[in-house]
Amino acid sequence: MTEPLDPRRALVADAACAPSSHNTQPWRFRLTDDAIELHADRTRRLPVNDPHDRELIISCGAALANLVVSAAHHGLTPAVDLQRGDDPDDLATVTLTAGELTGDDRLWRAVRTRRTQRKPFLDRAVPEDLLASAVAAADRPAVWTHVLDASHRAAFVDLVATGDHVQFEDPNWRRELAAWLRPRRRGDGLPVPVATGAMTRFMVTHVDLGRRMGKSDATLAATAPAVIVLGTERDDPMSWIETGRALQQLLLTAAAEGVQAGYLNQPCQVDALRPRLAALIDRPHPQVVLRLGYPARPIPPPARRPLGNVIDAPVHLDDVRAVP
């Protein structure tokens, strides 16, 4: 007789739809009798791009936010307990009890329709009320959200371009990026066509593309309908988890209305630039920078690892869901 499907696996599948740096998907989940544990997977870290695992933990925080949204959709009440033990990889335990269906599935549907936009947005403003709703959705203790003022846009564009130059000058950073340029069938990384993938990885590894990428990303930064910076009062793992939760709530609220996001995190990733971004907007510890807008055409779904690869428990073949 076939065992009944464990509904918690559906929650994990939704959690794994979260965004992550280089699409590394650096999370693992453990199912217990009444809970789902979220763990950082340090085997998927980016030691050059993210030496302190700051973005890795932010990504896990975004996955946690998805899990909570999915639980409510499935009629479960989630209670989140952050970092209960001494293990730094043990990020959260979500205890699940029977609850009521929320009746509002907009955010849950957005879990599967949220995309990362790497191309320019349409020349169309994001409505002020939608922008305000997205910012309000990111409201979490100790996390601040700042909509970049037009008067600061030119200085921010310069920070983005400078960040590209600094990163691409580093051969170790280029090698790390190239290692995560992968065919879509791999289920992770930044997708490149099979036919041109080897050449693309060779170019990224051996050629300093900082000037070209700086110009391209500067255009994205200058023309973005809206730019939002998320940051925290403290700069520690607990703050990074909360940043990820706030980020994902913002992304889902925007995606529910057809607005997607791209990332301009260079000023947060380069140590010398992060204080300059903080000074520009007069806020401490910037963590993530987003550009928001309407895509010109549908964005393909991101590659995702098989569900069995992120759950620390046996997965039956009839229990694995495809994750778009």
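Residues numbered from 1 in each chain as written. Predicted model: local features only at pLDDT ≥ 70, side-chain atom pairs only at ≥ 80, totals over all residues. Heavy atoms only, no water.

Caption draft 1: Representation of the overall build of the chain in the model. Within the chain one finds eleven helices and ten strands. With respect to the three principal axes, the spread of C-alpha positions in the chain is 60 × 45 × 40 Å. Put simply, the chain has 324 residues, and 53% of those count as buried. Of all intrachain contacts in the chain linking residues separated by at least 6 positions in sequence, the fraction that spans at least 24 positions is 77%. Of the roughly 14700 Å² of accessible surface on the chain, a fraction of 54% belongs to carbon and sulfur atoms. (Helix = DSSP H or I, 4+ residues; strand = E, 2+ residues; numbered from the N terminus. Buried < 20%, exposed > 50% of the residue type's maximum accessible area, 1.4 Å probe, protein only. Contact = heavy atoms within 4.5 Å. Areas by Shrake-Rupley, 256 points an atom, 1.4 Å probe, with all protein chains shown as cover.)

Caption draft 2: Just the pattern of salt bridges, in detail. As enumerated under the stated definition, the model contains 16 salt bridges in all. When the shortest N-O distance is used, the salt bridge between R28 and D312 registers 2.5 Å. Pair noted here: R28 is in strand β1 (residues 27-31) and D312 is in the segment after β10 (286-293), with a separation of 284 residues, a long-range link. Its relative accessible area of 22% is what places R28 among the partly exposed residues. Here R30 ties to E37 by a salt bridge, and the two come within 3.3 Å at their closest N and O atoms. Overlapping salt bridges bring together R28, R30, E37 and D312 as one network. (Salt bridge = Lys/Arg side-chain N within 4 Å of Asp/Glu carboxyl O.)

Caption draft 3: Layout of the packing of helix α2 (residues 54-73) against helix α9 (residues 237-255). Between α2 and α9, whose axes approach to 7 Å, the crossing angle comes to 50°. Judged by the inter-axis angle, α2 sits oblique to α9. The element α2 and its partner α9 pack so that their crossing is right-handed. Residues R54, I57, I58, G61, A62, L64, A65, N66 and V69 of α2 form the contact with α9, whose participating residues are P237, W240, I241, T243, G244, R245, L247, Q248, Q249 and L252. In terms of residue class, the contact of α2 with α9 is made up of eleven nonpolar, six polar and two charged. (Axes fitted to C-alpha atoms, helices over the stretch in contact; angles between N-to-C directions. Parallel < 35°, antiparallel > 145°, perpendicular 65-115°, else oblique. Left-handed = near helix turned anticlockwise from the far one by under 90°. Nonpolar A, V, L, I, M, F, W, Y, C, P; charged D, E, K, R; others polar.)

Caption draft 4: Looking closely at the packing of aromatic side chains. Throughout the structure, instances matching the rule amount to one aromatic pair. Ring centres of F168 and W173 lie 4.8 Å apart, and the angle between their planes is 65°; this geometry places the pair in the edge-to-face category. Classification of W173 as buried rests on a relative accessible area of 8%. When the ring centre of Y294 is taken as origin, the NZ or CZ atom of R124, which lies over that ring, is 3.6 Å away. Above the plane of the ring of W180 lies R182, whose end atom (NZ or CZ) is 4.0 Å from the centre. (Phe/Tyr/Trp six-rings, centres within 6.5 Å; stacked < 30°, edge-to-face > 60°. Lys NZ or Arg CZ within 6 Å of the ring centre and 35° of its normal.)

Caption draft 5: Structural detail: the pairing of strand β4 (residues 90-98). Across five bridges, strand β2 (residues 35-40) lies against β4 in antiparallel orientation. From the neighbouring strand, E37 faces β4, where its bridge partner is T93. Across seven bridges, the pairing between strand β3 (residues 76-82) and β4 is antiparallel. The partner of L82 across the bridge, within β4, is A92. (Pairing = 2+ DSSP bridges.)

Caption draft 6: Spotlight on the nonpolar core. In this structure, W27 and F29 are the most contacted members of the largest nonpolar core, which totals 51 residues. By residue number, the principal contributor to this core is α2, which donates nine residues. Contacts of F29, omitting those with residues within four sequence positions, involve V12, A15, I36, E37, L38, A63, L67, V310, I311 and D312. In this structure, F156, V157, V227 and L264 belong to the second largest nonpolar core, which totals 19 residues. (Core = buried A, V, L, I, M, F, W, Y, C linked by side-chain atoms within 4.5 Å.)

Caption draft 7: Region of interest: the state of the cysteines. The full count for this structure, using the stated rule, is zero disulfides. As a non-bridged cysteine, C60 has C17 as the owner of its nearest cysteine sulfur, 15 Å distant. The exposure class assigned to C60 is buried, which follows from its relative accessible area of 0%. (Disulfide = S-S within 2.5 Å.)

Caption draft 8: Inspection of a nonpolar patch on the surface at higher detail. Taken together, the side chains of M199, F202 and M203 define a hydrophobic patch exposed on the protein surface, amounting to about 300 Å² of accessible area. By the secondary structure assignment, M203 is in helix α7 (residues 194-206). (Patch = residues over 30% accessible without salt bridge, like charges linked within 9 Å, V, L, I, M, F, W, Y side chains within 5 Å.)

Caption draft 9: Broad picture of helix α5 (residues 153-169). Across its 17 residues, α5 extends 25 Å between first and last C-alpha, which sits within 8% of the 24 Å expected from 1.5 Å per residue. For α5, the full list of buried residues reads R153, F156, V157, L159, V160, A161, G163, D164, Q167 and F168. For α5, the elements touching its buried residues are α6 (171-179), α8 (210-223), β8 (226-232), α10 (266-269), α11 (274-281) and β10. (Expected span 1.5 Å × (residues − 1).)

Caption draft 10: Region of the structure containing the sheet that holds β1. Read from one edge to the other, the open sheet built from four strands follows the order β1-β2-β4-β3, with strand pairing classed as antiparallel. Whereas interior strands pair on both sides, the edge strands pair on one side only; in this sheet they are β1 and β3. Strand-to-strand twist of the sheet, defined as the mean angle between neighbouring strand axes without regard to direction, takes the value 20°. Relative to β2, β1 is paired through five bridges, and the arrangement is antiparallel. Within β2, the position partnered with F29 by the bridge is L38. Across the sheet, helix α1 (residues 7-15) lies against β1, β2, β3 and β4, angled at about 170° from β1, the strand it touches most. Across the face of the sheet, α9 comes into contact with β3 and β4 while running at roughly 150° to β3.

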